[in-house]
Amino acid sequence: MPQNKKSRILKIGVGIVLVLILASVAAQLFFSSKVKTILNEKIPKKLNFTYGDISTNVFSGKISLTQISGNDPDNSMDFKAESITISGLEYWPLLQNGDVTIGELDLVSPNIVYRQKERDTTSKKKTVGPKKKYKVENFRIKNGRFQMLNKDGDSTTTVRGINFDLSDIHFDENTAKEKIPFAYGGYKLNTERGYFNMSPLEFIEFQKMQLTPDSGGFQQFVLRTKYSKSELSRRLAVEHDHYDLTIDTIALKNWDFDIEKQLPYFHLEEMQLKHPVFYVYRDKLLPDDTTHKKMYNQALRNLPLDLQVDSVQILNGKIGYEERVKEDIEPNNLIFTNIDATIGNLHSRGQGNMDIDINAKLMDNGPFTLDWSFDPQSKANNFVVKGSLSNFQSQSINPFLKSNLGAEVKGNVQQLYFTISGNELESQGDMKMKYEDFEFIVLKKDRLGVNKLLTAVVNLFANKGDKTDEDGFRYGNFKVSRNQDKSFFNYLWINLKEGLVSTMTGRGKKRDK
């Protein structure tokens with residue numbers, strides 16, 4: 001090939017490369033300028049949007065901003081983040097229809113503070129959706145933080161260490177009309193410590209949370225009263241329990257939540273609570289709360305939520321309950337340990353009975369069972385409870401009886417069975433019991449000695465185990481009226497108390513059907 005021809009080809013090649021380089025530089029400069037113009041002109045000034053540095057890459061469709069901040073016009077939300085990065089911006093849909101399609105949207109270390117405001121319920125703004133379509137294939141939050149403040153500026157919700165992945169996001173004129181104004185595919189949420197102000201007196205905390213469309217859970221879950229027992233009593237006008245609940249792990253399986261319908265719903269296949277420990281304290285020196293207490297049928301039925309949980313499992317739980325009945329007497333716990341329980345068909349709008357089966361140990365020695373069944377849709381609030389207690393060393397309950405009732409007991413309960421059925425107003429039941437050498441001891445008011453006279457009178461009416469059937473059982477039956485300003489568990493207790501009195505002081509024979 002002649003030398004001059006080679007030189008011409010080389011010049012053309014160099015020229016093409018230079019043109020491409022210049023075109024690339026021009027495209028990059030134009031892209032960068034266009035992005036800055038959009039940020040300056042299209043974002044409303046009232047959002048106070050600012051950023052530090054900006055970097056772009058026209059070929060990968062990448063835009064990255066650092067040190068971002070902003071807030072809304074009524075100062076209800078503040079937003080800060082280390083960086084926002086958009087990559088995989090597709091130009092053809094943008095040039096053809098103005099639609100925005102993004103491959104990746106990454107938000108690093110965002111910090112969102114939301115302030116609760118009074119809602120304007122007098123006027124309703126019509127939702128106007130965007131004329132263009134927006135699509136994000138993958139949206140990620142890394143190490144985020146969210147805080148909600150009430151009207152007084154106190155924190156009501158705080159979640160730290162938020163890592164969130166959301167895929168296949170679509171936002172257009174149609175989705176904008178929905179309560180959740182965008183459609184999405186899969187998601188994955190992991191957080192570190194969270195706090196929720198449940199009421200003026202109680203709060204919830206957890207150390208970790210994980211959620212996906214199929215499963216989820218919490219670790220080191222806590223529900224507690226904000227104040228000490230004594231401080232709570234000073235703040236109360238009427239009785240209110242002091243709570244201390246810890247759960248090692250809460251596991252959720254196959255759950256679904258939706259707010260699009262007329263009534264929000266939450267459906268869950270299975271919930272598992274591992275090692276819950278729950279202590280409840282009540283100061284009986286305070287005035288009674290005389291408001292009407294709903295039965296659990298009605299409480300579930302009145303929920304503003306379509307709730308359905310197929311199965312709840314409680315593993316290796318513990319419950320302690322104590323009451324202060326005298327100023328100078330330190331209360332002691334009534335304790336149930338080794339609690340394993342299942343709750344089936346928990347619902348607010350479903351059908352059929354909700355069944356609760358509990359196995360535990362009373363005062364850590366007597367095996368105790370309780371089978372409780374009721375239909376939330378029963379307007380009469382009907383229920384049935386069956387239970388048993390066996391091989392119970394009665395002396396183990398004396399610390400509780402001593403502080404609460406000024407009494408002690410001796411003897412062993414070999415076997416006890418009871419059945420209670422009732423409704424909102426009244427209940428009835430029967431009991432059978434096998435025991436030996438059972439004796440009541442009534443203490444003096446200071447709990448430091450025995451009231452021999454009252455002890456003799458009480459035991460005069462209490463049978464020590466004779467007049468039994470061939471299997472050694474004595475029988476009793478009872479009927480009680482509910483005090484509607486007391487809880488269901490008070491209702492259950494007065495049934496059991498009447499059953500014990502009937503069984504131990506009655507004729508001891510089985511009632512004829």
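Note that the structure is a prediction, hence the values are computed from the model and not measured. (Residues numbered from 1 in each chain as written. Predicted model: local features only at pLDDT ≥ 70, side-chain atom pairs only at ≥ 80, totals over all residues. Heavy atoms only, no water.)

A word on the overall build of the chain
Quick note on the threshold: Under the DSSP-based scheme used, a helix requires at least four consecutive residues in state H or I and a strand at least two consecutive residues in state E, with every element numbered from the N terminus. Burial status follows relative accessibility: with a 1.4 Å probe on protein chains alone, a residue under 20% of its type maximum counts as buried, one over 50% as exposed, and anything between as partly exposed. Contacts are residue-level and defined by heavy atoms, with any inter-residue pair within 4.5 Å sufficient. Here the accessible surface of atoms and residues is derived via Shrake-Rupley with a 1.4 Å probe, and residues count as covered only by protein chains that are part of the display.
Per the secondary structure count, the chain includes seven helices and 22 strands. The buried share of the chain, reckoned over its 513 residues, is 38%. Contacts in the chain between residues at least 24 apart in sequence constitute 59% of all its contacts with a sequence separation of at least 6. When the accessible surface of the chain is summed, it comes to about 30,000 Å², and 55% of that surface belongs to carbon and sulfur atoms.

A short note on unusual backbone geometry
Backbone geometry places His275, a non-glycine residue, at a positive phi of 55°. The residue His275 is located in strand 14 (residues 265–283) in this model. Positive phi outside glycine occurs at Asn316, with the angle close to 55°. Secondary-structure assignment places Asn316 in strand 15 (residues 306–324).

A word on the pairing of strand 15
Rules: In this description, strands pair whenever DSSP reports at least two bridges between them. Here a crossover is taken to be right-handed if, once the strands point away from the viewer, the path from the first strand over the helix to the second is traced clockwise.
In terms of strand pairing, strand 14 meets strand 15 through 16 bridges, oriented parallel. Across the sheet, Phe266 pairs through a bridge with Leu307, a residue of strand 15. In this fold, strand 14 hands off to helix 4 (residues 296–301), which returns the chain to strand 15; that crossover is right-handed. Of the strand pairs in this sheet, strand 15 and strand 16 (residues 334–347) are connected by 10 bridges, and their pairing is antiparallel. The partner of Tyr321 across the bridge, within strand 16, is Leu334.

A short note on the pattern of salt bridges
Going by this rule: We count a salt bridge whenever a side-chain nitrogen from Lys or Arg sits within 4 Å of a carboxyl oxygen from Asp or Glu.
Applying the stated criterion to the full structure yields 15 salt bridges. The structure contains a network of salt bridges with shared partners spanning Glu104, Asp106 and Arg140.

Details of the pairing of strand 12 (residues 215–225)
When a strand is regular, its side chains alternate between the sheet's two faces. The pairing of strand 10 (residues 202–206) with strand 12 spans four bridges and is antiparallel. Opposite Glu205, over in strand 12, you have Val222 as the bridge partner. Sheet topology note: the strand 11 (residues 208–211)/strand 12 ladder contains four bridges and is antiparallel. Considered in strand 12, the bridge of Met209 is made with Phe218. Where strand 11 folds back onto strand 12 in an antiparallel hairpin, the turn is made up of three residues.

Some points on the nonpolar core
For the record, the criterion: We define the nonpolar core as a collection of buried residues of types Ala, Val, Leu, Ile, Met, Phe, Trp, Tyr and Cys that are connected through side-chain atoms lying within 4.5 Å of one another.
Phe383 and Val385 are the most contacted members of the largest nonpolar core, which has 75 residues in total. With six residues, the top contributor of residues to this core is helix 7 (residues 488–505). Other than its neighbours up to four places away in sequence, Val385 contacts Leu370, Asp371, Trp372, Phe418, Thr419, Ile420, Phe488 and Leu492.

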